[in-house]
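Examining the three-dimensional arrangement
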Amino acid sequence: MSKDYVIGIDLGGTKIYTAVVDLEGNIISEKTVATNVVEGEEAVLGRIMGTVDTVLKDVNIEDVKAIGIGSPGPLDVKNGIIINSANFPSFKNFSIVKPIKEKYNLPTFLDNDANVATLGEFMFGAGKGTENMVFVTASTGIGGGAVLNGRLYRGNTANALEIGHMTVMVNGPRCGCGNAGCAEALGSGTAIMKRAREAVNSNANTSLKNYSEVTSKEVFEEAAKGDRISKEIINTSLSYLGIAVANIVNIFDPEKVVVGGGVTNGGKIVFDKIQEEVDNRCLKAISENCVIEKAVLGGKAGVLGAAALAIMEIK
Ligand SMILES: [Zn+2]
């Protein structure tokens, strides 16, 4: 009996991860290569096609129904174009969908990495079985996506759910986007690291001074060991992340908020703090029916999400 498959392509700044995936989210065949962005659009396109050719060797191409691509934005999703991206300095209006669609003669779709990760968790991960789910990723930045009534919500310009740029503090620190007091400037891994470095360079008494370089990982570790300054930094930063999540919960009334990204490696304390802010700030009717859960796809979120995008688009 033949089986239906799709191909997911996770195009990142450092690597291209491509896989043949079945409709249940099982990876049948996979290939990872370096992106080598400096080589330019044509070379990267050639490398992407190389990975597709490789993974196709393990299946019948007649069984493959569509291709999904996840990429950092900004994108022109409708026309399948990577407009430009901090991750791809050598790309300018890179038309990525058309050549792939033509070569393999398959419906091919593009969406940004946050949206595909959202779809991945929704279809195959922690959000499976829900109708309304918000995905939040907190690492160097804060981003996210939403599935509403079973469909990905893109918004007017396909930039919806820029959770990181929600203002959570009046006259707060300047954010990379130009605004002041964004959630990303206060509750991301980068924000934790910044506060920690300020503490190291101050006359505060903290065990963070024992490290030659401090990232959010060391701050979580020292907080767990009882360092007062580290605890304060974690508490403050997670509280802003929690405020952002609480605002999202009040707006969308989701069944589930799935949280992923490097900051969640901090463990239980991350989820406890988010839950605390949600409990304190949301309408009871909403928060009592909303579950905050850890993302489960990890490093496969991009490739499985791209596969989920392909499945969603052809359904
Ligand atoms: Zn911002």
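One structure accompanies this document, and this report is about it. What you see is a predicted model, and the numbers here were worked out from it, not measured in a lab. (Residues numbered from 1 in each chain as written. Predicted model: local features only at pLDDT ≥ 70, side-chain atom pairs only at ≥ 80, totals over all residues. Heavy atoms only, no water.)

Broken down by element type, the protein carries ten helices and 13 strands. Relative to a compact globule of 315 residues, whose C-alpha radius of gyration would be 20 Å, the protein shows 20 Å and is just as compact. Projected onto its principal axes, the C-alpha coordinates of the protein cover approximately 65 × 45 × 35 Å. Scored against the burial criterion, the 315 residues of the protein give a buried share of 53%. In the protein, 60% of the contacts between residues at least 6 apart in sequence involve partners at least 24 apart. Of the roughly 14,300 Å² of accessible surface on the protein, 49% is carried by carbon and sulfur atoms. Taken as two groups, the 31 positive and 36 negative side-chain charges of the protein have centres that lie 3 Å from each other. (Helix = DSSP H or I, 4+ residues; strand = E, 2+ residues; numbered from the N terminus. Rg over C-alpha atoms; globule rule 2.2 N^0.38 Å. Buried < 20%, exposed > 50% of the residue type's maximum accessible area, 1.4 Å probe, protein only. Contact = heavy atoms within 4.5 Å. Areas by Shrake-Rupley, 256 points an atom, 1.4 Å probe, with all protein chains shown as cover. Lys, Arg positive; Asp, Glu negative; His and termini not counted. Charge placed at Lys NZ, Arg CZ, Asp CG, Glu CD.)

On to the packing of aromatic side chains, then. Taken as a whole and assessed by the stated rule, the structure comprises two aromatic pairs. On the numbers, 4.6 Å between centres and 20° between planes, the contact of F88 with F91 is stacked. Judged by relative accessible area, which is 0%, F88 ranks as buried. What makes F91 buried here is its relative accessible area of 3%. Taking the centre distance of 4.8 Å and the plane angle of 75° together, the rings of F91 and F94 count as edge-to-face. (Phe/Tyr/Trp six-rings, centres within 6.5 Å; stacked < 30°, edge-to-face > 60°.)

Counting residues in hydrophobic clusters, the biggest one holds 44 residues, and the most contacted among them are I163 and I292. Broken down by secondary-structure element, the contributors of at least two residues to this core are β9 (133-138), β10 (142-148), α4 (183-187), α5 (189-200), α6 (216-225), α7 (228-252), β12 (256-260) and α8 (268-281). Counting residues per element, this core draws most heavily on α7, which supplies twelve residues. With sequence-adjacent residues up to four places away left out, I163 is seen in contact with V134, F135, V136, I142, G143, G144, A183, A244 and I248. (Core = buried A, V, L, I, M, F, W, Y, C linked by side-chain atoms within 4.5 Å.)

All right, on to the sheet that holds β9 then. Pairing is mixed in the open sheet, where five strands are placed in the order β11-β10-β9-β12-β13. The sheet is open, and its two edges are formed by β11 (151-152) and β13 (291-294), each paired on a single side. (Pairing = 2+ DSSP bridges.)

The next thing to look at is the coordination of the zinc ion. Protein coordination of the zinc ion is provided by H165 (ND1), C175 (SG), C177 (SG) and C182 (SG), with donor distances spanning 2.0 to 2.3 Å. For the zinc ion, the single-chain donor residues occur in sequence as H-x9-C-x1-C-x4-C. One end of the pair, H165, is in the loop between β11 and α4; the other, C175, is in the loop between β11 and α4, with ten residues separating them in the sequence. (Donors = N, O, S within 2.8 Å, 3.2 Å for Na, K, Ca; no water.)

Next up on the list: the sheet that holds strand β4 (residues 64-71). Taken together, five strands build an open sheet; the order of strands is β3-β2-β1-β4-β8 and the sheet is mixed. Sheet topology places β3 (27-34) and β8 (108-112) at the edges, where each strand pairs with a single neighbour. Here the average twist between neighbouring strands, direction ignored, is 15°. Here β4 pairs with β8 via five bridges, running parallel. Looking across to β8, one finds that G68 is bridged to F109. In the packing of helix α1 (residues 41-56) onto the sheet, contacts are made with β1 (5-11), β2 (15-22), β3 and β4, and the angle to β2 comes to roughly 30°. Lying on the sheet, helix α10 (residues 301-314) is in contact with β1, β2, β3, β4 and β8; it crosses β1 at an angle near 130°. (Axes fitted to C-alpha atoms, helices over the stretch in contact; angles between N-to-C directions.)

Looking at the element boundaries, V77 is found in the loop between β5 (75-76) and β6 (81-82). It is 38 Å that separates the C-alpha atoms of V77 and N235, two residues lying 158 residues apart in sequence. Apart from the residues within four sequence positions on either side, V77 is in contact with L110, D111, R154 and A158.

So, on to the pairing of β2. With seven of eight residues buried, β2 lies mostly within the body of the structure. Here β1 pairs with β2 via seven bridges, running antiparallel. When the sheet's bridge partners are listed, D10 is paired in β2 with Y17. In this structure, the hairpin formed by β1 and β2 is closed by a connection of three residues. Note: β2 against β3, seven bridges, orientation antiparallel. Paired with K15 across the bridge in β3 is A34. Remark: four residues form the turn of the hairpin made by β2 and β3, two consecutive strands paired antiparallel; G25 in that turn has positive phi of roughly 90°.

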